[in-house]
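Chains, contacts and geometry: an overview
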Amino acid sequence: MTAAAALVAGAGAATADEHPIKLGGLATLEGPFAVPGEDGIRGIRMALEKFGHEAGGREIELITASSDASPDSAVNAARRLVENDEVDVLVGPLSGSEGIAVKDYAKNHPDTTFVNGSSAAQRTTLDDPSENFFRFSTDGAQWQAGLGEYAYEEKGYEKVAIVAEDYSFPYSLVMGFMTDFCALGGQVVEKFYVPLGTRDYATTVASIPQDIDALYVALGGSDAINFLSQYQQMGSAKPMIAGSITVDQSVLGAKGQQRDYLAGTITAGPIADNWDDPKWVEFKETYAEMFDDGLPSPSLFAHAYYVNTLAVLTALDEVDGDLSNGQQAFREALQNLELETPTGTISVDENRNAVADIFITEVVKDGEGGLYNEVVKIVPEVNQTLGQPEEEFLANGFASRDNPSCP
Amino acid sequence: MASITDETAEKKTSPVLPSLLRGVRWYHVVVAALLLIYPLIATDFWTVQIGAQSLILGLIGLSLMLLAGYGGMVSLSQLTVAGLAGYLVAIFGNAEWPAWLMLVGAVSLATVAAVLIGWISARTSGIYTIMITLAISVAFYYLVLQNDPIFNSFNGFSGVRPPEVFGVDWRAPLPFFYLTLAVVGACYLFVLYLSRTPFGLALQAVRDNPRRMASLGFNVTAHRVAAHGVAGVLAGIGGVLLVWQNGQISPGSVGIGPVIDILILTVLGGLAHPVGPFIGAVIFILMENFAIDLIDRERFNTVIGAVFLVIVLFSPDGVLGLWGKLKSWLARQSARNRVDQW
């Protein structure tokens with residue numbers, strides 16, 4: 001019976017441009033990334049609110065679906081949105097390996113346009129990209145652009161060890177950091193890749209060499225808190241360089257004796273909580289107004305989903321909601337977009353991946369016993385190959401456990 | 001000469017076919033006809049995502065039903081065996097093996113793994129079997145998660161497609177559904193047949209009273225290991241179909257969540273008859289896809305959990321048990337009516 005109902009719905013959708021444009025929102029609303037996933041949906045809703053739920057004179061209808069951060073569930077949810085709900089544009093997914101799987105899925109559905117949520121794997125757009133997959137947010141390697149240079153030249157760190165989680169996204173982060181750092185002559189003496197969700201870091205901490213200037217840490221959420229407390233307890237902690245998701249509010253706000261240690265930690269990413277630019281402040285305030293149950297400040301997930309949805313709505317406005325002819329006009333508009341966002345102007349390259357500004361921040365004390373991330377530098381217009389020609393960048397291979405290396 | 005070969009051929013095949021057809025009732029024909037017509041009236045999404053996926057997960061559930069329902073061994077490693085077959089298809093596919101060799105290799109290696117698992121767990125029973133097979137599943141999950149050279153660690157493999165045979169794109173919705181239906185239907189009939197063979201009967205006797213069977217001279221362990229092997233073939237075939245359907249496989253496909261899902265859908269449908277896992281799979285997949293429409297998106301997993309709780313609470317034997325209860329209630333009612341008439 002339900003099958004018949006779906007058929008009828010499908011037949012109805014074939015009529016002219018009067019019906020609303022269907023926008024699919026795919027995020028992880030279950031599993032370990034449920035909190036970031038909800039924040040991603042908040043980002044979509046902010047963009048829709050800004051446009052009054054309308055673009056190009058047509059109403060926008062949002063249909064959400066959930067994955068659990070595994071590629072399987074992401075493809076299943078995408079299939080539901082594309083094949084059953086027949087969305088015109090899909091925004092999502094959230095995490096790196098999901099993004100790669102959805103990009104592959106996109107190839108079989110050329111009539112739908114896929115726009116990334118917040119997933120940041122390098123390969124999604126650099127390795128065998130799909131014609132109808134756009135990413136107006138940046139990848140993990142881009143997020144760390146300029147951090148290596150800042151660490152080497154401003155902070156004077158020359159020898160560094162790395163502790164990171166063992167999967168594609170931290171590999172990208174590490175590559176982003178090391179590209180600059182190694183080119184300047186920095187050394188990464190050892191890398192420790194630990195499984196996601198490790199609780200006991202005693203053996204890792206004990207093996208970290210003592211003759212380093214700083215420790216690069218790319219761990220997220222509870223992993224970061226567990227590691228940092230154990231690292232400090234075991235004495236002689238070195239200054240820290242942090243991956244984009246390592247020193248967020250959950251770590252900075254954690255109680256304990258880490259304040260002195262965390263002060264001076266440098267990191268880089270697509271957003272900076274405490275940036276004083278009016279557009280960013282406005283974005284933060286809108287977020288706080290719209291969501292009583294939201295986070296203290298919009299996370300990079302809310303930001304990425306917001307930016308990507310904003311791109312969709314802006315391009316729809318430009319083509320007056322025209323999605324005919326395999327969405328050709330709409331895609332051209334996306335390709336040529338100069339998108340004004342709370343974090344600067346964003347455009348996409350020929351692989352449809354974002355070129356955007358990256359923020360380098362440093363943890364400072366606010367004078368009342370709190371810590372916050374202060375913007376120390378903005379690296380303008382970072383592209384996916386970190387400024388190198390594409391062939392040269394690809395010749396070094398994709399980010400992995402052993403790539404790059406500079407002992 | 002010819003008559004002699006004919007005779008032997010007849011002797012070999014004749015007991016199989018009638019015994020397969022003996023159990024066929026009118027509703028079997030109706031269900032088969034409905035399944036054949038289904039993709040012609042359903043959209044692609046309903047054909048593949050709901051239809052074919054229910055059949056595939058049902059097949060993996062069927063391998064668990066064979067072990068748990070007939071053999072009394074609740075194994076949590078059936079999805080692991082399926083996942084191994086799926087991984088092998090992806091790996092051999094990348095190595096560009098010929099299609100038939102890839103399939104035979106993947107299913108046989110998965111079967112060998114299933115026999116090994118059976119061999120390790122056959123001397124245990126009840127909760128200990130569950131623990132051992134769960135441990136194996138977890139170990140396999142971490143193996144594929146951390147092993148880079150063979151299993152490509154966190155990313156797994158994507159873009160896996162069925163080979164083109166006879167010029168048909170087997171991943172297109174209609175061909176894929178019929179391929180799945182044919183394969184799963186054959187496996188289903190095979191299990192029905194197996195349950196009535198001497199081996200199947202001995203297995204059920206081993207389930208009911210292993211000591212008595214041992215004293216009668218049956219090798220209990222050998223029967224259990226063999227059952228694992230047969231279930232491994234079914235799970236392996238299911239794994240191949242699953243990786244083709246999803247187009248990719250990664251550690252998330254063989255994580256603890258999906259491993260438990262197979263147990264849930266099998267118990268949900270019922271262990272008493274091979275059709276149980278398929279009923280369970282349909283309910284499970286419909287819930288998974290559409291619970292989010294019934295309720296607020298932050299609460300939809302609660303709906304799924306509540307439905308499962310209600311079914312298992314009211315019928316420990318799953319949906320099949322409900323059906324059984326309904327039938328006996330109807331029988332009582334009609335008997336009472338007849339008494340009243342007299």
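Quick note: structure is the one above.
Residues numbered from 1 in each chain as written. Chains lettered and ligands numbered in written order. Predicted model: local features only at pLDDT ≥ 70, side-chain atom pairs only at ≥ 80, totals over all residues. Heavy atoms only, no water.

Quick look at the overall build of chain B now. Within chain B, the secondary structure is distributed over 15 helices and two strands. Compactness check: chain B gives a C-alpha radius of gyration of 21 Å against a globular reference of 20 Å for 342 residues, within 12% of the reference. Along the longest, intermediate and shortest principal axes, the C-alpha atoms of chain B span 75 × 70 × 45 Å. Classification of the 342 residues of chain B by burial places 46% in the buried group. Of all intrachain contacts in chain B linking residues separated by at least 6 positions in sequence, the fraction that spans at least 24 positions is 75%. When the accessible area of chain B is evaluated, it comes to approximately 16800 Å², of which 70% is carbon and sulfur surface. Separation of charge centres in chain B, based on 19 positive and 16 negative side chains, amounts to 16 Å. (Helix = DSSP H or I, 4+ residues; strand = E, 2+ residues; numbered from the N terminus. Rg over C-alpha atoms; globule rule 2.2 N^0.38 Å. Buried < 20%, exposed > 50% of the residue type's maximum accessible area, 1.4 Å probe, protein only. Contact = heavy atoms within 4.5 Å. Areas by Shrake-Rupley, 256 points an atom, 1.4 Å probe, with all protein chains shown as cover. Lys, Arg positive; Asp, Glu negative; His and termini not counted. Charge placed at Lys NZ, Arg CZ, Asp CG, Glu CD.)

Turning to the state of the cysteines, a few remarks are in order. Residues and elements named next belong to chain A. Taken as a whole and judged by the stated rule, the model has one disulfide over all chains. Covalent S-S linkage joins cysteine 182 and cysteine 406, the inter-sulfur distance amounting to 2.0 Å. On the sign convention where negative is left-handed, the bridge of cysteine 182 and cysteine 406, at about -50° about the S-S bond, is left-handed. With cysteine 182 in helix H8 (residues 168–183) and cysteine 406 in the segment after helix H16 (390–395), this residue pair connects regions lying 224 residues apart in the sequence. Overall, the relative accessible area of 21% leaves cysteine 182 in the partly exposed class. (Disulfide = S-S within 2.5 Å.)

This part covers the packing of helix H4 (residues 44–70) of chain B against helix H12 (residues 256–269) of chain B. All names here are of chain B. Interaxial distance between H4 and H12 falls to 9 Å at its minimum, and their mutual angle equals 80°. Viewed along their axes, H4 and H12 adopt a mutual orientation that is roughly perpendicular. Together, Leu57, Ile60, Gly61, Leu64 and Met65 of H4 and Ile262, Leu263, Leu265 and Thr266 of H12 make up the contact between the two elements. Residue classes in the contact of H4 with H12 are distributed as seven nonpolar, two polar and no charged. (Axes fitted to C-alpha atoms, helices over the stretch in contact; angles between N-to-C directions. Parallel < 35°, antiparallel > 145°, perpendicular 65-115°, else oblique. Nonpolar A, V, L, I, M, F, W, Y, C, P; charged D, E, K, R; others polar.)

A few words now on a negative patch on the surface. Residue and element names in this part refer to chain A. Residues Glu54, Glu59, Glu61, Asp317, Glu318 and Asp320 make up a contiguous surface patch of negative charge. Among the elements of the structure, strand S3 (58–67) and helix H14 (300–318) are those that each provide at least two residues to the negative patch. Assignment of secondary structure puts aspartate 320 in the loop between H14 and helix H15 (324–335). Of the residues examined, aspartate 320 reaches a relative accessible area of 59% and is grouped as exposed. (Patch = residues over 30% accessible without salt bridge, like charges linked within 9 Å, V, L, I, M, F, W, Y side chains within 5 Å. Salt bridge = Lys/Arg side-chain N within 4 Å of Asp/Glu carboxyl O.)

Residues and elements named next belong to chain A. Spatially, six strands are ordered S2-S3-S1-S4-S5-S6 in an open sheet, and the strand pairing comes out mixed. The sheet is open, and its two borders are formed by strand S2 (54–55) and strand S6 (133–134), each paired with just one other strand. Pairing of strand S4 (residues 89–91) with strand S5 (residues 113–115) involves three bridges; the strand directions are parallel. Counted as the bridge partner of valine 89 is threonine 113 from S5. (Pairing = 2+ DSSP bridges.)

In this section: the pairing of strand S15 (residues 371–382) of chain A. Residues and elements named next belong to chain A. With nine bridges connecting them, strand S14 (residues 354–365) and S15 associate as antiparallel partners. Counted as the bridge partner of phenylalanine 359 is isoleucine 378 from S15. Remark: five residues form the turn of the hairpin made by S14 and S15, two consecutive strands paired antiparallel; glycine 367 in that turn has positive phi of roughly 90°.

Tallying the contact residues gives 30 residues for chain B and 30 residues for chain A. Of the roughly 2700 Å² buried at the junction of chain B and chain A (both faces included), carbon and sulfur atoms supply 50%. If you tally residues by element for the side of chain B that touches chain A, the top one is H4 of chain B, at five residues. Within the side of chain B that touches chain A, the residues separate by chemical class into seven nonpolar, 16 polar and seven charged. (Buried area = accessible area lost by both parts, 1.4 Å probe.)

This part covers a nonpolar patch on the surface. All names here are of chain B. Taken together, the side chains of Leu36, Ile37, Leu40, Ile41 and Leu174 present a nonpolar region at the surface, about 470 Å² in accessible area. Here the nonpolar patch gets four residues from one element, more than from any other, and that element is helix H3 (residues 26–41). Within the secondary structure, isoleucine 41 is located in helix H3.

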